[in-house]
Amino acid sequence: MSSPQLEEFLARLYTDEVLREQFIRNPELITSEAILSPEEVSAMRNIDLAGLQMAAASYANKRASYRCRPQSIFSKFLGLFQINRSHPPKN
Amino acid sequence: MEEVVAAMAEEEVVAAVDVEAVVAAVNLAKDRVGLGWRGELAAGIFTNLDQIDILEVIADDYFHMDKRNISALRRMSSYVPVTLHGVAMGLASTIPTEKFRIEKMARLVEAIQPESWSEHLAFVRAGGIQIGHLAAPPRSPQSVAGAIANINTATRIVGSAPILENIATLIDPPASTLDEAQWVTEIIQGSDTTLLLDLHNLYANCMNFGKDPAVELLRFPLNRVQAVHLSGGKWVREPEEHQPPKMRLLDDHLHDVPPEVFDLLALLGRHAHQSITVVIERDGHFPNFEVITEQLSAARKALQRGRQLAIPYQECA
């Protein structure tokens with residue numbers, strides 16, 4: 001059991017803090033409003049709640065780190081390679 | 001007669017041992033150990049290329065680079081073998097991967113001519129929502145079918161098949177009807193591709209969901225393992241409302257490879273007969289490069305340890 005609708009519901013739970021808190025408080029209500037099959041609703045009501053919170057926090061940290069990431073660092077250091085010619089090419 | 005038979009049997013045993021030794025030696029010669037390219041490690045990488053067999057470059061970092069940087073990466077690939085590693089295609093999904101994402105990889109592969117490219121068995125977006133990282137989809141026949149369709153599309157557009165990586169997850173993916181080893185095996189076999197087996201991801205998932213990593217490792221399609229990732233992580237506590245809060249292992253790539261993961265590499269080397277490319281990933285909290293070279297050396301030794309104990313082919317069947 002898996003569907004685009006279930007993946008979208010999971011993506012919303014992982015990224016929408018308000019929805020996630022509502023779901024944790026009242027999973028029956030939130031899943032009844034989602035477009036999910038009865039099997040998917042049942043699976044969501046038995047979700048690993050601690051894992052959901054931890055995964056969501058981890059994804060949020062990742063998104064934040066991407067926003068802060070200096071994009072120039074790769075080109076800056078890759079540029080070093082252009083002047084480093086001491087190693088012969090490897091085949 | 002008995003002496004002749006005994007002598008022949010002894011010869012066969014010696015020959016078998018010799019063959020095993022040769023196979024192990026050949027594999028050892030072809031096994032490679034390398035590092036994930038990170039700008040912060042550049043100086044150490046350039047001065048230690050004699051200890052680095054291959055560099056893995058995050059493809060997505062170069063999708064929008066200018067010609068000068070693409071040219072520099074191409075030049076680097078002429079000095080040391082390069083493999084490209086994608087992180088945002090979202091292949092393991094019931095939702096078709098958008099073609100423009102695959103075409104970015106195709107253009108980079110065309111420009112760089114790497115020896116291979118890889119992606120994750122993960123979904124990263126759905127319904128226009130970007131999760132921002134690799135998420136485990138429900139492990140089911142439907143997501144197996146979706147992944148195989150996406151992998152086939154990617155293979156056709158890029159012109160070569162991706163090596164596919166298992167991911168770490170802090171959440172036991174809901175609505176799953178297959179366990180991780182079954183799910184990965186069905187996708188790898190169904191798409192006729194090879195596996196980039198991330199041993200820390202495997203280890204973390206086993207720690208988080210109460211499984212024995214050595215047992216689980218042997219349930220993966222080890223004859224399809226082309227490459228291996230090694231990394232480290234940290235233990236994080238479950239939220240307080242879950243009593244008693246337990247610890248889960250977060251694969252953060254910010255810590256050294258733990259001994260348990262090197263042991264898994266040795267076990268893999270014992271059971272897989274093909275040559276394997278090992279890449280150590282480090283994304284931050286960068287240590288002195290000596291620590292990195294020690295980890296590279298430890299990986300070689302672990303693989304060598306496994307090869308020396310290699311299980312003969314007939315026992316692996």
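Each remark here, short or long, concerns the structure printed above.
Heads up: these notes are all about the structure in this document.

1. Focus: the overall build of chain B
No. 1: When its secondary structure is counted, chain B shows eleven helices and twelve strands.
No. 2: Counting only residues that meet the buried cut, chain B has 57% of its 317 residues in that class.
No. 3: For chain B, the proportion of contacts with a sequence separation of at least 24, taken over those separated by at least 6, is 78%.
No. 4: Per element, the accessible surface of chain B, about 13300 Å² overall, is 54% carbon and sulfur.

2. Things to note about the interface of chain A and chain B
No. 1: The interface of chain A with chain B comprises 46 residues on the first partner and 55 residues on the second.
No. 2: Across the chain A/chain B interface, buried area totals approximately 4600 Å², and carbon plus sulfur atoms make up 65% of it.
No. 3: We note a salt bridge from R248 of chain B to D48 of chain A, for which the minimum N-O separation is 2.9 Å.
No. 4: Among the elements that line the side of chain A that touches chain B, the one with the most residues is helix 5 (residues 49–68) of chain A, at twelve residues.
No. 5: Here the residues of the side of chain A that touches chain B are counted per class, giving 24 nonpolar, 13 polar and nine charged.

3. Section: the side chain of S143 of chain B
No. 1: Note on placement: S143 of chain B falls in helix 5 (residues 141–158).
No. 2: At a separation of 2.9 Å, a polar atom in the side chain of S143 of chain B contacts the side chain of W183 of chain B.
No. 3: Setting aside anything within four residues of it in sequence, one finds S143 of chain B in contact with S2 of chain A together with T94, P138 and W183 of chain B.

4. Considering helix 6 (residues 180–191) of chain B
Residues and elements named next belong to chain B.
No. 1: Given a rise of 1.5 Å per residue, twelve residues ought to cover 16 Å, and the 16 Å separating the end C-alpha atoms of helix 6 matches this to within 8%.
No. 2: Listing the buried residues of helix 6 in full gives E180, A181, W183, V184, T185, I187, I188 and S191.
No. 3: Next to the buried residues of helix 6 lie helix 5, strand 7 (163–165), strand 8 (194–198), helix 7 (199–208) and helix 8 (213–217).
No. 4: Structurally, the start of helix 6 carries an N-cap: the backbone nitrogen of A181 is 3.2 Å from a side-chain oxygen of D179.
No. 5: Just beyond helix 6, the residue with positive phi is D192, at close to 55°.

5. A few points about the pattern of salt bridges
No. 1: Following the criterion strictly, the structure yields twelve salt bridges over all chains and no others.
No. 2: Across the pair E216 of chain B and R219 of chain B runs a salt bridge, and its minimum N-O distance is 3.0 Å.
No. 3: Accessibility expressed as a relative area gives 34% for R219 of chain B, which makes it partly exposed.
No. 4: What you see here is one network of salt bridges that share partners, running through D48 of chain A together with E238 and R248 of chain B.

About the thresholds
- Residues numbered from 1 in each chain as written.
- Chains lettered and ligands numbered in written order.
- Predicted model: local features only at pLDDT ≥ 70, side-chain atom pairs only at ≥ 80, totals over all residues.
- Heavy atoms only, no water.
- Helix = DSSP H or I, 4+ residues; strand = E, 2+ residues; numbered from the N terminus.
- Buried < 20%, exposed > 50% of the residue type's maximum accessible area, 1.4 Å probe, protein only.
- Contact = heavy atoms within 4.5 Å.
- Areas by Shrake-Rupley, 256 points an atom, 1.4 Å probe, with all protein chains shown as cover.
- Buried area = accessible area lost by both parts, 1.4 Å probe.
- Salt bridge = Lys/Arg side-chain N within 4 Å of Asp/Glu carboxyl O.
- Nonpolar A, V, L, I, M, F, W, Y, C, P; charged D, E, K, R; others polar.
- Polar contact = N/O pair within 3.5 Å; in protein donor to acceptor, adjacent residues only side chain to side chain.
- Expected span 1.5 Å × (residues − 1).

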